Amino acid sequence: MPDRRRMARLERIARMAAQALWAYRLRSLFVVLGVGLGIASLTIIVAAVDGAQRKAREITENFGPDAAFVLGGDVLNRAVGMRTLTLSWTDLERIRQSLPGAYLVVPMRAKRNLKLRYGGTTIDLDSAIGSSANYAQAWDWPLAEGRDLNEEDVERGARVVLLGSVPARELFGQRSPVGQTVYVNSIPFQVVGTLTERGASGGPGNPDERIVMPLTTLTQRFNLDRQYFRALRIKFRDPENMEANRENLRSFLRHLHGLGPGDPDDFTILTADEVLAFLSVIQGGLMVFLGVTSMVAMTVGGFVLANLFYLSVSERTKEIGLKKAVGASSSAILLQFLTEAVLLTLVGALVGVALGMGAAQFLERLEILEIQLSWRIFGIALFASLGIGVLFGLRPARSAARLDPIEALRG
């Protein structure tokens, strides 16, 4: 029985709170909007962080836990005048022959600002990659159709090419490009295979927009240095020992390049762990920036709620005095004003989540942020809105509860 009376009392308080909010609906709208903007910014940060984590996982999975990527030059320090073409065919052969644990070594070099033409359609290429046999295998990149580059293609400097999913789709639509002849600038190439769509990259540009040809063909046809290339992709048999593999590779390259104990590396080695660590730093900076923005926005919404509720208390002194005169307790008055605050912030949370999800999807379309929407956003938004309602509504509610009924009626 006491429980039933308690429930009836709470229902009555909630009903009176809703009626009061409707009576002051313009003021309630300001509070909803103030809280909603804070929750919207919180929604964006949660969606952006989740999206960044998903993207980081995709990139590291595509990079491969058993692989190292070696770039010519120290790209982390970027010294003025630093050479970037420091990896040679000699390095490639010695690593293949002598580096413990390495079973696949593939060189890479890129040529940009090229045109790709088929029939009457011409597109701008993001990049043309020169590589050796087994390029797709080295990057764990399945072929949609056709075959990978082979040793004969490299030895002959053959005019053959793999197409990424984007140029294949733009030039051929739903038709198969394998066996067709395309022109890179004015040079004809036969398409021998197409790469599946990847959609994630550890570097600049979209990997799905590239084409891949033998490195010998790239250097011969486009007048590039034939002794050096830009990068090496190396795969190891024992991915659980990647730290040791990395140190062995570093020592071996320093020996091949004749670097002394005090000389800096003239190359950069990246593994999946380092890529993930780098992405985590970027993600941390994003969290700090958006987190501060979100906290400021929610604090502003909380102050709007507190100020308007103080104004509401001063305007509703007669109402409070009458309720106390007919027997309403201070705890009931406190609970009513807190209920009003929580109801407003909960409505603000729903509005804010809707605004935040819309803004997040808009930012994703503009490719400004990677977004992932989940039910976790609703839980965090509701929890934050309850916190705002209680934290900023408590003092005005206490002020109302402490009013003397005689003074309130006189006012």
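Quick summary incoming for the structure in this document. (Residues numbered from 1 in each chain as written. Predicted model: local features only at pLDDT ≥ 70, side-chain atom pairs only at ≥ 80, totals over all residues. Heavy atoms only, no water.)

What follows is about the packing of helix H11 (residues 330–365) against helix H12 (residues 376–401). For the pair H11 and H12, the least separation of the axes is 7 Å and the interaxial angle reads 150°. Considered as vectors, H11 and H12 are oriented roughly antiparallel to each other. Between H11 and H12 lies a crossing of right-handed hand. Of the residues belonging to the contact of H11 with H12, the class tally is 20 nonpolar, 5 polar and 1 charged. (Axes fitted to C-alpha atoms, helices over the stretch in contact; angles between N-to-C directions. Helix = DSSP H or I, 4+ residues; strand = E, 2+ residues; numbered from the N terminus. Parallel < 35°, antiparallel > 145°, perpendicular 65-115°, else oblique. Left-handed = near helix turned anticlockwise from the far one by under 90°. Nonpolar A, V, L, I, M, F, W, Y, C, P; charged D, E, K, R; others polar.)

A word on the packing of aromatic side chains. All told, the structure shown has 6 aromatic pairs when counted by the stated rule. Between Trp-89 and Phe-229, the ring centres sit 5.6 Å apart and the planes meet at 80°, which makes this aromatic pair edge-to-face. With Trp-89 in helix H3 (residues 89–98) and Phe-229 in strand E12 (residues 228–229), this pair connects stretches of sequence that are 140 residues apart. Residue Trp-89 is classed as partly exposed on the basis of its relative accessible area, which comes to 25%. Three or more aromatic residues link up through ring pairs in this structure, and these residues are Phe-63, Phe-69 and Trp-139. The ring of Trp-141 has Arg-198 lying over it, and the distance from NZ or CZ to the ring centre is 4.9 Å. Positioned above the aromatic ring of Trp-139, the side-chain terminus of Arg-233 is 4.0 Å from the ring centre. (Phe/Tyr/Trp six-rings, centres within 6.5 Å; stacked < 30°, edge-to-face > 60°. Buried < 20%, exposed > 50% of the residue type's maximum accessible area, 1.4 Å probe, protein only. Lys NZ or Arg CZ within 6 Å of the ring centre and 35° of its normal.)

This part is about unusual backbone geometry. Even without glycine at this site, Asn-113 takes up a positive phi of about 60°. Here Asn-113 is to be found in the loop between strand E3 (102–111) and strand E4 (114–118). Take Asn-113: its relative accessible area is 75%, and that puts it in the exposed class. Even without being glycine, Asn-134 reaches a positive phi, approximately 70°. Looking at the secondary structure, you find Asn-134 in the loop between strand E6 (128–131) and helix H4 (135–138). Its relative accessible area of 29% is what places Asn-134 among the partly exposed residues.

All right, on to the environment of Gly-358 then. For Gly-358, the position within the fold is in helix H11. Along the chain, Gly-358 and Ile-44 lie 314 residues apart, while their C-alpha atoms are 9.2 Å from each other.

Turning our attention to the pattern of salt bridges. Applying the stated criterion across every chain yields a total of 10 salt bridges. Where Glu-93 meets Arg-96, a salt bridge forms, and the shortest distance between an N and an O atom there is 3.5 Å. Of this pair, Glu-93 and Arg-96 both sit in helix H3, 3 residues apart, which is roughly one turn of that helix. You can call Arg-96 partly exposed: its relative accessible area is 34%. Across the pair Asp-265 and Arg-250 runs a salt bridge whose closest N-O atoms are separated by 2.8 Å. In this pair, Asp-265 sits in the loop between helix H8 (242–256) and strand E14 (267–271) while Arg-250 sits in helix H8, placing the two residues 15 residues apart along the sequence. You can call Asp-265 buried: its relative accessible area is 19%. (Salt bridge = Lys/Arg side-chain N within 4 Å of Asp/Glu carboxyl O.)

On to a nonpolar patch on the surface, then. On the surface, a cluster of nonpolar side chains totalling about 410 Å² of accessible area is made up of Leu-26, Leu-29, Phe-30 and Leu-33. With respect to the helices and strands, Phe-30 occurs in helix H2 (residues 25–63). (Patch = residues over 30% accessible without salt bridge, like charges linked within 9 Å, V, L, I, M, F, W, Y side chains within 5 Å. Areas by Shrake-Rupley, 256 points an atom, 1.4 Å probe, with all protein chains shown as cover.)

Moving on to the side chain of Arg-109. Tracing the backbone shows Arg-109 in strand E3. In this structure, Arg-109 is buried with no salt-bridge partner, the nearest side chain bearing the opposite charge being Asp-225 at 5.1 Å. A polar contact of 3.5 Å, which involves the side chain of Arg-109, links it to the backbone oxygen of Tyr-228. (Lys, Arg positive; Asp, Glu negative; His and termini not counted. Polar contact = N/O pair within 3.5 Å; in protein donor to acceptor, adjacent residues only side chain to side chain.)

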